[in-house]
Each structure stands twice: as C-alpha cells, then as structure tokens.
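# Breakdown of the fold
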Amino acid sequence: MLGSKVATLFLGVIITPILARLLGSSQYGDYAFLLSILGVTMIIINAGIFDGTRKYIAEDRNEANWTEHVFVFYFRLAFVLAIIGALIYTAISWSGLPDYLFGDGFKIYFFLIGVLIVGRQMNSVARGGLMGLGLENRSEPLNVLKKTLFAVVGLYLVYTGYGIVGVLVGHIMSTLIVSILGYTVLFKHLDLRAVFIQIPTSFPKRQLLSFNGLSIILIFLTASLYHIDIIFLRLLTGDQATGYYKAALVVAEFLWLVPNVLQMVLLHSSSGLWSNDRTDRITSLASQTTRYNLSLVLLLMIGLAALAHDFIPIYYGPEFDAAILPLLLLLPGVLGFALARPIFAIGQGKGQLKILIMATGTASLVNLCLNALLIPSFGMVGAAIATSIGYGSMLILHILAALRIGFNPINDLRLMRITAVAIIATGVIFGLTSAINSSIVSLVIVPPVGFIVYSILLLKFSVVSPEETELIIQQLPSPLKEYAERGMRFIS
C-alpha cells in the first residue's frame, strides 16, 4: 500500500503542475471547486460503503457465505445510491442552474460529475472488497493504473483544448476501466452468482446500516475540513484566489503520504484486534505508529517550510508565488491532522463512532466558523489560518477520543527527544537553504543532507531505539538490508 501511495504521489507530482499550467489559475480554481463539490457529494452517495465493505469482509465471521453476503449487500446499496446521485446531477444540469450560479460551462461540468459519481461508487466497492479480502496487492496497483490512465487521457484532452471537460472525461474513463478490472479480479475470489442471491434474514443488515449511518456523519465532518475552505473561497473571492490556495493545499498535503497509508491499513487490521480484545497490543501499535509518524512528518514539514520559496515558483510557475504564504500557514495544521489520521482509524476499527463523531464534529465546527469569519476579511490567508487551526484541533480531540475508547496513542511518544531533534535539524536545514543562492541547487542538495542529518539525530537521541531499528532492518529486502546495516555501523 505504501508503494502504491508513493507511486500515485509521484504521478500527482508530475500531473499537478502540468494541469495547473494548462488550465491557468482561474480554470484551475474552478476545477478545485468542482472536486470539492464532488468530494462532499460522494460522502453522501458512498454512505460509508467503502469503509463498511473492507471492515466487515475482513472480520470473516463464522457464518455461511459471510463474505459474499457482505459484498452483495454493499454492492446493491452502492448501485442504487449512485444512480440516484447521477439522476440528481443530471436534473440540475438540465435546469441550467449551474451556469446561472457559477458561470458558463458549469452545466456540462455538473452532468459529467453525475456520470463520474457512478464510476467512483462502483470503483469504491471493488477496491473495498479487494482490501477486505487482504488483496491489497491487487487493489493498490489498480489505483496506480487509474492515476496513470487519468494522466494520459485527461492531460491529452486538456492539451487539445477541452479544458475542464477534458479533465472530467479523463477521470470518468480511467475510473471505468479500473472498475472493470477490479471486478474481474474480485470475482475470481467471490462467487459471481452471489450478486443475484437473496441475502438471508439472519444477516445483520441493521448492524451494517448503523455503522454506515454513523460513518456518513463521520466522513462528512472529516471531509468538510478538506472542502469548506475551497467552497467558501470560490464563492467569496473568485476563481483565481481559489486556484492559488488549492495549489498550496496540494503541496501541503504531500505530508499525508504515509499517514494516509497508515489510516487505510489500520481500520481493517485493528478491527480484527478489537474483535479479539487485544487492547494492550492496540495501545502498543498506536503509540509506536504515532511516534514514527510524528518523526517522519516533522522532517517533511521542516524541509517543505525551508524550501517553499524555491519550490513553488519552479513547480507551478512564477504566477503561483501567491501560494507560498498560505502553504506556510497550513503546515502546522497539516502536521496535526497527519498524526490524527492513524489514531482516528484505530478508533473507527472498534466501531465506536459516536465518540469519533463528537471529536471530528468539534474540529469541523471550529474550522467552519473560522473560515466564515476570516475569509471575507483576509481571503486565502484567512482560509489558511482557519484551516490550519481546524486541522490541528483534530490531533488534540482524537487523542482525547482514543483515551475514551480505550487505547493510548501517546503512551511512548518520546516528545522531548523528538523536539530536540527537530530544533537541531531545523537550524541545519534552514541554515543550509540560506547559504545556497540557487533554487535548483537548494532543491537538489538540501533534501538528502537534511534527511541524513535528521536520521542520525533520531538514532542518536533514541527516538527510534536500536532494537526497533534492528527489527526494521531485518524486514528490508536483501540489497536495502545490507546498505542499512552498513549505515548503522557507520553511525555507531
């Protein structure tokens, strides 16, 4: 899964600046706005089906055809909801309301979003089913393929003059192809006839629907943290400021590479631990994950802050210099949200969603109020401040929620040691960046030097203990294992 996430991130790093340049800041802002509308809509249409599919299939209960029944239940529910969503967007498109509210072209955009809803819904069921069966080695390469197909089709259509329509068609075609491949793989492990069977009355539909109902609320509140700022900005300040701000968000969210993977893995893997009452193991797993996560994301945040002025103009072009300040303001909050993600997932794995809803709802309310207060006066800078505070509050609130649920994610955080490492590394990284006058040279030299310095400090301050380091090295493939052992002997 990490390999898939790295691959999709790499593709995104390539696609994003090309797309931003081809569309321009104004159209890129409209595209970001459409993605936010789609993201909020998919929460309602998906109705927690992706999380429910992988959670309940992974439980593998001792009931006849449990896996097939879970899949059939969610497949049918997903299909009905997707068709309803598509029809609603088609009706809105035909009414002409999008063009009236947002400008020319939005009528066809809304129609294409309706088509994309169906594709995304079916893809989420296939991917959730594969992950629930432990077939991440199938589901995640398909995710990489989807990103690749989008890059080829979407960018080509934009380049040939189709603009946002071309981008949306690229999304639709890539999602459709990958969905077909996903179901082809899935039905090699499930009985295809299961799609047409009747689910027995003993099947706990109410339990699954209860989980999904609470999941909708939880996911909606979480996603509001991603989308409220974009929607408010587009409505209150226009497309250009939204484009600059979206550019800052995309770069800031590079920090979520590993946390996203951890969140994805820990939901269905911790579900099995909770079902066996292995609370001590869960606390150990959660606290170690939080420490490793903080150590890694903190390094990325320091590096990104030091290199922002060099990176943004090269990556997006000089037009996007205005994105630098929002990016710097977003980073502290993005760090907090990155740490909250795995904690959030472990709590979700237990199924006690009401506590998580209270925590996430509080953060969402803070984010909503601050965005409404600050955007009218300060534009994208206000959005960045509000969103950063909203993101950061997720960490505090979900630590409290975790303690209430029954596990301690900061049991072995070693915060003083990590703080000492961060202070020393910050001085080295910022000092090196200031000493180099060329942006390109800084981007080539600072990241590897900063990584080496930071890694040595982590080991010297025992943020990662020798025993943990040895365990990690032993799990590496042969060539990497040998290099790592040599590096450890050099540091020692």
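Below or above, wherever it landed, is the structure these notes cover. No experiment lies behind these values; they were computed from the predicted model shown. (Residues numbered from 1 in each chain as written. Predicted model: local features only at pLDDT ≥ 70, side-chain atom pairs only at ≥ 80, totals over all residues. Heavy atoms only, no water.)

## Focus: the overall build of the protein
To keep it simple, the criterion reads: Here a strand is any run of E in DSSP of at least two residues, a helix any run of H or I of at least four, and the numbering for each starts at the N terminus. For every residue, the accessible area (1.4 Å probe, protein chains only) is compared with the maximum for its type, and the residue is labelled buried under 20%, exposed over 50%, or partly exposed between those bounds. Contacts are assigned to residue pairs that have any heavy atoms within 4.5 Å of one another. Here the positive residues are Lys and Arg and the negative ones are Asp and Glu; neither His nor the chain ends is included. Where a charge lies is defined by one atom per residue type: Lys uses NZ, Arg uses CZ, Asp uses CG and Glu uses CD.
Along the protein, the regular secondary structure elements total 16 helices and zero strands. Along the three orthogonal principal directions, the C-alpha set of the protein runs to about 65 × 55 × 45 Å. For the protein, with 492 residues in total, the buried portion stands at 54%. A separation of at least 24 residues holds for 82% of the contacts in the protein among residues at least 6 apart in sequence. A gap of 4 Å separates the mean positions of the 31 positive and 25 negative side-chain charges of the protein.

## Observations concerning the environment of Leu 374
Tracing the backbone through its elements, the reader meets Leu 374 in helix H12 (residues 353–405). For the pair formed by Leu 374 and Ile 385, sequence separation is 11 residues and the distance between their alpha carbons is 8.2 Å. In contact with Leu 374, other than residues within four places in its own chain, are Gly 379, Gly 382, Ile 385 and Ala 386.

## Considering the packing of helix H7 (residues 205–237) against H12
Rules: Every axis corresponds to a line fitted to the C-alpha atoms, with the helix fit spanning only the stretch in contact, and the corresponding angles, defined between N-to-C directions, vary from 0 to 180 degrees. Angles are sorted into four bins: roughly parallel if under 35 degrees, roughly antiparallel if over 145, roughly perpendicular if 65 to 115, and oblique for all others. When residues are sorted by character, Ala, Val, Leu, Ile, Met, Phe, Trp, Tyr, Cys and Pro go into the nonpolar class, Asp, Glu, Lys and Arg into the charged class, and all the rest, Gly among them, into the polar class.
With their axes 10 Å apart at the nearest point, H7 and H12 run at an angle of 5° to one another. It follows that H7 is roughly parallel to H12 by the angle criterion. A class-by-class count of the residues in the contact of H7 with H12 yields 23 nonpolar, 12 polar and two charged.

## What about helix H3 (residues 66–95)?
Here is the rule we go by: Each residue after the first adds 1.5 Å to the expected span of a helix.
The terminal C-alpha atoms of H3 lie 44 Å apart, and with 30 residues this matches the ideal 44 Å at 1.5 Å per residue to within 8%. A positive backbone phi angle near 80° is found at Gly 96, which sits one or two residues after H3.

## Focus: helix H14 (residues 439–460)
Spelled out, the test is: The seven residues ending at a residue and the seven starting there each receive a fitted axis; the angle between those axes is the bend at that residue. For this analysis, a polar contact is any N or O atom pair within 3.5 Å, provided that within protein one partner can donate a hydrogen and the other can accept it, and provided that sequence-adjacent residues contribute only side-chain to side-chain pairs.
When the terminal C-alpha atoms of H14 are compared, their 31 Å separation across 22 residues agrees well with the 32 Å that a helix rising 1.5 Å per residue should span. Of all the bends in H14, the greatest reaches close to 30° and is centred on Val 446; the proline Pro 447 follows between one and four positions later. Within the span of H14, buried status applies to Ser 442, Val 446, Gly 450, Tyr 454, Leu 457 and Leu 458. Check the buried side of H14 and you find it contacts helix H10 (279–316) and helix H13 (415–435). Here H14 starts with a cap whose side-chain oxygen sits 3.5 Å from the backbone nitrogen of Ile 440, and that cap is Ser 438. Count one or two residues on from H14 and you reach Ser 462, which has phi positive near 55°.

## Some words on unusual backbone geometry
Positive phi is not limited to glycine here, since Arg 414 has a value of about 55°. Within the secondary structure, Arg 414 sits in the loop between H12 and H13. Positive phi values are uncommon outside glycine, yet Ser 462 reaches one of about 55°. Within the secondary structure layout, Ser 462 lies in the loop between H14 and helix H15 (466–474).

## Section: the nonpolar core
Here is the rule we go by: By nonpolar core is meant a set of buried Ala, Val, Leu, Ile, Met, Phe, Trp, Tyr and Cys residues that side-chain atoms within 4.5 Å join together.
Grouped together as the largest cluster of nonpolar side chains are 142 residues, with contacts concentrated most on Phe 71, Tyr 245, Val 251, Ile 312, Tyr 316, Leu 327 and Phe 407. Per-element accounting of this core gives the leading share, 18 residues, to H12. Leave out the neighbours within four places in its chain, and Leu 327 touches Ala 248, Val 251, Ala 252, Leu 304, Ala 308 and Ile 312.

## Overview of the packing of aromatic side chains
As a reminder, the rule being used: Put simply, two rings from Phe, Tyr or Trp (the six-membered ring, in Trp's case) pair if the centres are within 6.5 Å, and we call them stacked under 30 degrees between planes, edge-to-face over 60, tilted for the rest.
Inspection of the entire model under this criterion finds 16 aromatic pairs. Taken together, a centroid distance of 5.2 Å and an interplanar angle of 70° make the contact between Phe 106 and Tyr 109 edge-to-face. Remark: Tyr 109 and Phe 106 occur in helix H5 (residues 106–132); sequence separation between them is three residues, near one turn of the helix. There is no split in this pair, since Phe 106 and Tyr 109 are both buried. Measuring from centroid to centroid gives 5.5 Å for Trp 256 and Tyr 391, while their planes differ by 50°, and the two rings are tilted. Taken together, the residues span a long stretch of sequence, with Trp 256 in the loop between helix H8 (239–252) and helix H9 (257–275) and Tyr 391 in helix H12 at a distance of 135 residues. In this structure Tyr 391 comes out as buried when scored by relative accessible area, which is 0%. Taken together, Tyr 244, Phe 254, Phe 311, Tyr 315, Tyr 316 and Phe 320 form an aromatic cluster joined through their ring pairs.

## Quick word on a nonpolar patch on the surface
Short version of the rule: In this analysis, a patch consists of residues with relative accessible area above 30% that form no salt bridge, clustered at 9 Å for like charges and at 5 Å for the nonpolar side chains Val, Leu, Ile, Met, Phe, Trp and Tyr. Computed with the Shrake-Rupley method and a 1.4 Å probe, the accessible areas treat only the protein chains shown as cover for residues. Salt bridges are defined as contacts in which a side-chain nitrogen from Lys or Arg sits within 4 Å of a carboxyl oxygen from Asp or Glu.
Where nonpolar side chains cluster on the molecular surface, the patch consists of Phe 79, Val 80, Ile 83, Ile 84, Leu 87 and Ile 88 and spans about 540 Å² of accessible area. Here Ile 88 is to be found in helix H3.

## What about the environment of Thr 67?
Here Thr 67 lies in helix H3. Since its relative accessible area comes to 12%, Thr 67 is described here as buried. For the pair Thr 67 and Tyr 56, spaced 11 residues apart in sequence, the C-alpha to C-alpha distance is 8.0 Å.

## Regarding the packing of H5 against helix H6 (residues 136–186)
Our working rule: Working rule for handedness: look at the near helix, and if it is turned counterclockwise from the far one by less than a right angle, call the crossing left-handed; if clockwise, right-handed.
Packing of H5 against H6 brings their axes to within 7 Å, and their N-to-C directions diverge by 20°. Considering the angle they form, H5 stands roughly parallel to H6. The two elements H5 and H6 meet at a crossing, and its hand is left-handed. In the contact of H5 with H6, the residues fall into 20 nonpolar, nine polar and five charged.

## Regarding the side chain of Thr 387
Of note, Thr 387 is situated in helix H12. A relative accessible area of 0% places Thr 387 in the buried class. Ignoring anything within four residues of it in the chain, the contact list for Thr 387 reads Leu 225, Asp 229, Tyr 245, Leu 330, Asn 367 and Asn 371.

## A short note on the side chain of Ser 442
With respect to the helices and strands, Ser 442 occurs in helix H14. For Ser 442, a relative accessible area of 0% translates into the label buried. Excluding anything up to four places from it in sequence, Ser 442 contacts Leu 307, Asp 310, Thr 433, Ile 436 and Pro 447.

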